[in-house]
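Architecture at a glance
The primary structure of each chain is shown beneath.
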Amino acid sequence: VLGRRRNRLITSFGRNVNPEWVESELLGSGVLRQAWVLGEGRPSCAALLCPLDDTLPDSELQVAVQRVNGRLPDYARIGPWLRLDAALTPASGLLTANGRPRRDAIARHFAAQINQLYSNDKEQFAS
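It should be emphasised that the depicted structure is a prediction, and the values quoted were computed from it without experimental measurement.

Overview of helix α2 (residues 58–69)
Helix length check: α2 (twelve residues) gives 16 Å between terminal C-alpha atoms against 16 Å at 1.5 Å per residue, within 8%. If you check which residues of α2 are buried, you get L61, A64, V65, V68 and N69. Buried residues in α2, looked at end-on, bunch into an arc of 140°, giving them a common side. Contacts from the buried residues of α2 go to α1 (19–27), β3 (32–38), β4 (45–51) and β5 (78–83).

Structure follows, in structure tokens:
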């Protein structure tokens, strides 16, 4: 597991995932400005994504996520994801002054959307 130990998340299946590793893979896709990976206690990882180009269709974001998933082990793959309307900034209180994510603040700020992502993901597999 690469990255900071305190940022590590543990899925509901007990797998350790370093979100910084998966985020760097997502950012390496060339279409994202920001990516935040979460999934503590969840069955899969999810992501909050901010594209470089605001006009990029969600279908192309999905293709980028699928390409990255193809390089990741199953336990670290992104399941549901949410497109952010705007990039996160330090002024919002969701990033530090040097641009690092305040992961707890991000999780609290987007809690309803994150819960909806996992609800939709569950419904998709139930049908």
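Structural notes on the environment of A64
Mapping A64 onto the fold places it in helix α2. Separated by 38 residues in the primary sequence, A64 and L26 place their C-alpha atoms 7.7 Å from one another. Not counting residues up to four positions away in its chain, the partners in contact with A64 are S29 and V31.

Observations concerning α1
For α1, every residue scored as buried is listed here: P19, V22, E23 and L26. Buried positions in α1, seen along its axis, are confined to an arc of 100° and lie on one side of it. In this structure N18 caps α1, since a side-chain oxygen of it lies 2.8 Å from the backbone nitrogen of E20.

So, the pairing of β3
Look at any regular strand and the pattern is simple: side chains alternate between the two faces of the sheet. Of all seven residues in β3, six are buried, a share of seventy percent or more. Where β3 and β4 come together, six bridges link them in antiparallel fashion. The partner of L32 across the bridge, within β4, is P51. Between the end of β3 and the start of β4, which pair antiparallel, lie six residues, with G39 showing a positive phi angle near 150°.

Let's talk about the sheet that holds β3
Sheet strands pair by backbone hydrogen bonding; their relative direction is either parallel or antiparallel. Read across the open sheet, the three strands follow the order β3-β4-β5; overall the sheet is mixed. Two strands bound the open sheet, and with one partner strand each, they are β3 and β5. With strand direction ignored, the average angle separating the axes of adjacent strands in the sheet is 25°. Inspection of the sheet shows β4 paired to β5 by four bridges, in the parallel sense. Considered in β5, the bridge of L48 is made with L82. Each of β3, β4 and β5 is contacted by α1, which is oriented at about 150° to β3, the strand it contacts most. Sheet contacts for α2: β3, β4 and β5; angle to β5, the most-contacted strand, approximately 150°.

Cut-offs used in this document
- In this convention, every chain numbers its residues from 1, walking through the sequence in written order.
- Thresholds applied to this predicted model are a pLDDT of at least 70 for local features of residues and 80 or more for the giving and counting of side-chain atom pairs; totals over whole chains, interfaces and linings are not thresholded and use all residues.
- Side-chain numbers here rest on the full set of heavy atoms in the structure, without hydrogens or water.
- Helix numbering and strand numbering both begin at the N terminus, where a helix is a DSSP run of H or I of at least 4 residues and a strand a DSSP run of E of at least 2.
- Helices are assigned an expected span. That span is 1.5 Å times one less than the residue count.
- Each residue's exposure class comes from its accessible area (1.4 Å probe, protein chains only) as a fraction of the maximum for that residue type: buried when under 20%, exposed when over 50%, partly exposed otherwise.
- Arc, as used here, means the arc of the directions from the helix axis to the C-beta atoms.
- Here a residue-residue contact requires only that any non-hydrogen atoms of the pair lie within 4.5 Å.
- Within 3.5 Å is the distance limit for a polar contact, defined as a pair of N or O atoms, with the added protein rule that one can donate a hydrogen and the other accept it, and that residues adjacent in sequence qualify only through two side-chain atoms.
- Between any two strands, at least two bridges found by DSSP are needed for them to pair.
- All axes here are fitted lines through C-alpha atoms, helices being fitted over the stretch that makes contact, and every angle between N-to-C directions spans 0 to 180 degrees.

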